[in-house]
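# An overview of the molecular structure
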Amino acid sequence: MSHSVSRPRRSVLYVPATNEKALAKLASLACDAVILDLEDAVLPQEKVAARQRLGQFLTQRPASKREYIVRINALSSEWGADDLAAASAWNVDGVLLPKVATPRDILEAGDVLDDNDAPDEMKLWAMVETPRALINIGAIAELGRDPASRLACLVAGTNDIVKETGVLMTPDRRYLMPWLMQMVLAARAGGLDMLDGVSNDFRDLDAFVSDCAEASAMGFDGKTVIHPAQIEGANAAFSPSVEALAEARAVADAFALPENASRGVISLGGKMVERLHLVQAEKVLARAAMIAEMTGDEK
């Protein structure tokens, strides 16, 4: 299955469900999606109250082209089942499942959404943050081929991977690289989006921009961020560059010429260009158009 063009997910901002000030600022931010977090960002004694307040916030959520995703607590926890049941009725685009280990975790969550009559448009996202998830990543991502599974996106949980494996986190992420590339490969096989993990030092924007450039080159679709200051860098890194757009337009224009209508291969600028390059060019142009449409009405 080839990776189709999905809605932009260049910058995906984690926001604690308990942070009312941050929730109030969302309308002014330029992130493509928001993850409203009921899990790591909420203390155990605040879990139930956070769920209630988040439900109230979502009833007043303004119309937006941005995606709103709720990260629930693990279904194995004392709060997870109630989180998922509540989210089924909320005005959100998806539910992010933490601590996913096997495809069954996705399927069981999807069954709950189905049983609660959640709209088909409500998707499931899955955190890849445990050794078992890494071992089973191919089977998990394979669910992306079945629309009934609702699975639409995978999210790298790099902090938890480091904690669970003991691997050293270096500035260049050299020891994580094999696993990150495996995530991208699996996501592509399943036709899913793949988001990179967070950069913890939100004050070091130069390092963040470098992380984003590397992730984009690796094939990630976007990056999860923890501070509004990181949004601009992520949006820039995961948007088609001026050069990429110019090249894509040149390829599309060349194949649109009448003399090339029946040709599988043409010469363009001294290079051999095949129809597969046209498919790639069309995806770049479609992504740019979707970004322009999304950002036309809001920051």
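This text goes with the structure placed above it.
This write-up is about the structure you can find in this document. The numbers attached to residues start from 1 for each chain and follow its sequence in the written order. Local features in this predicted model are restricted to residues whose pLDDT is 70 or higher, and side-chain atom pairs enter the listing and the counts only when it is 80 or higher, whereas totals over whole chains, interfaces and linings include all residues. Each side-chain value is worked out from all heavy atoms of the structure, with water and hydrogens disregarded.

## Remarks on the packing of aromatic side chains
The cut-off we apply is this: Between the rings of Phe, Tyr and Trp (Trp by its six-membered ring), a pair exists once the centres lie within 6.5 Å; its type follows the angle of the planes, with under 30 degrees stacked, over 60 edge-to-face, and the other angles tilted. Placement of a charge over a ring requires the Lys NZ or Arg CZ to be within 6 Å of the ring centre, with the centre-to-atom vector within 35 degrees of the ring normal.
For the structure shown, the criterion picks out 0 aromatic pairs. Positioned over the ring face of W79 is K47, at 5.3 Å from the centre of the ring.

## Some thoughts on the pattern of salt bridges
Side-chain pairs of opposite charge can arise whenever the charged atoms involved come near each other. For clarity, the threshold we go by: By convention in these notes, a salt bridge is any Lys or Arg side-chain nitrogen within 4 Å of a carboxyl oxygen on Asp or Glu. In this text, helices come from DSSP runs of H or I with a minimum length of four residues, and strands from runs of E with a minimum of two, each type numbered from the N-terminal end. Under the scheme applied here, a residue whose accessible area is under 20% of the maximum for its type counts as buried, over 50% as exposed, and between as partly exposed, the area being computed with a 1.4 Å probe on protein chains only.
The tally for this structure, following the rule as stated, stands at 24 salt bridges. Between R7 and E67 there is a salt bridge; the shortest N-O distance is 3.8 Å. Linking R7 in the segment before strand 1 (11–16) with E67 in strand 3 (residues 67–71), this pair joins segments that are 60 residues apart in sequence. A relative accessible area of 30% means that R7 is categorised as partly exposed. Between R104 and E108 there is a salt bridge, with its nearest N and O atoms 4.0 Å apart. You can see R104 and its partner E108 sitting in helix 4 (residues 103–115), 4 residues apart, about one turn around the helix. Exposure remark for R104: the relative accessible area of 56% places this residue in the exposed category. Relative accessible area serves as the criterion here: at 40%, E108 is assigned to the partly exposed category. Salt bridges sharing common partners tie together D37, E39, D40, R71, K99, E129, D160, K163 and E164.

## Overview of the packing of helix 11 (residues 242–256) against helix 12 (residues 275–295)
Two numbers describe a pair of packed helices, the interaxial angle and the distance between the axes. Heads up, the rule is: Each axis is a line fitted through C-alpha atoms, taken for helices only over the stretch in contact, and angles between the N-to-C directions span 0 to 180 degrees. Oblique is the label for any angle not under 35 degrees, not over 145, and not in the 65 to 115 range, which are roughly parallel, roughly antiparallel and roughly perpendicular in turn. Crossings are sorted by hand: turned counterclockwise from the far helix by less than a right angle, the near helix makes the crossing left-handed, and turned clockwise it makes it right-handed. Any two residues whose heavy atoms approach within 4.5 Å are treated as being in contact.
Closest axis-to-axis distance for the helix 11/helix 12 pair is 8 Å, and the angle between their directions is 125°. Considering the angle they form, helix 11 stands oblique to helix 12. Read as a crossing pair, helix 11 and helix 12 show a hand that is left-handed. Across the interface between the two elements, A244, L245, A248, R249, V251, A252 and F255 from helix 11 touch R275, H277, L278, A281, V284, L285 and A288 from helix 12.

## Notes on the nonpolar core
Rule in force here: Residue types Ala, Val, Leu, Ile, Met, Phe, Trp, Tyr and Cys, when buried and joined through side-chain atoms within 4.5 Å, form a set referred to as a nonpolar core.
Core analysis: the largest hydrophobic core is formed by 63 residues, its most contacted members being L26, L36, L54, V70, W90, I106 and L154. The dominant element in this core, judged by the number of residues it contributes, is helix 8 (residues 177–190), at 5 residues. Filtering out sequence-adjacent residues up to four positions away, I106 remains in contact with L97, V100, L124, A126, I140, L143, S149 and L151. Formed by 13 residues, the second largest nonpolar core is a distinct cluster that contains I35, M127, C153 and L195.

None of this, on its own, says anything about what the molecule does.
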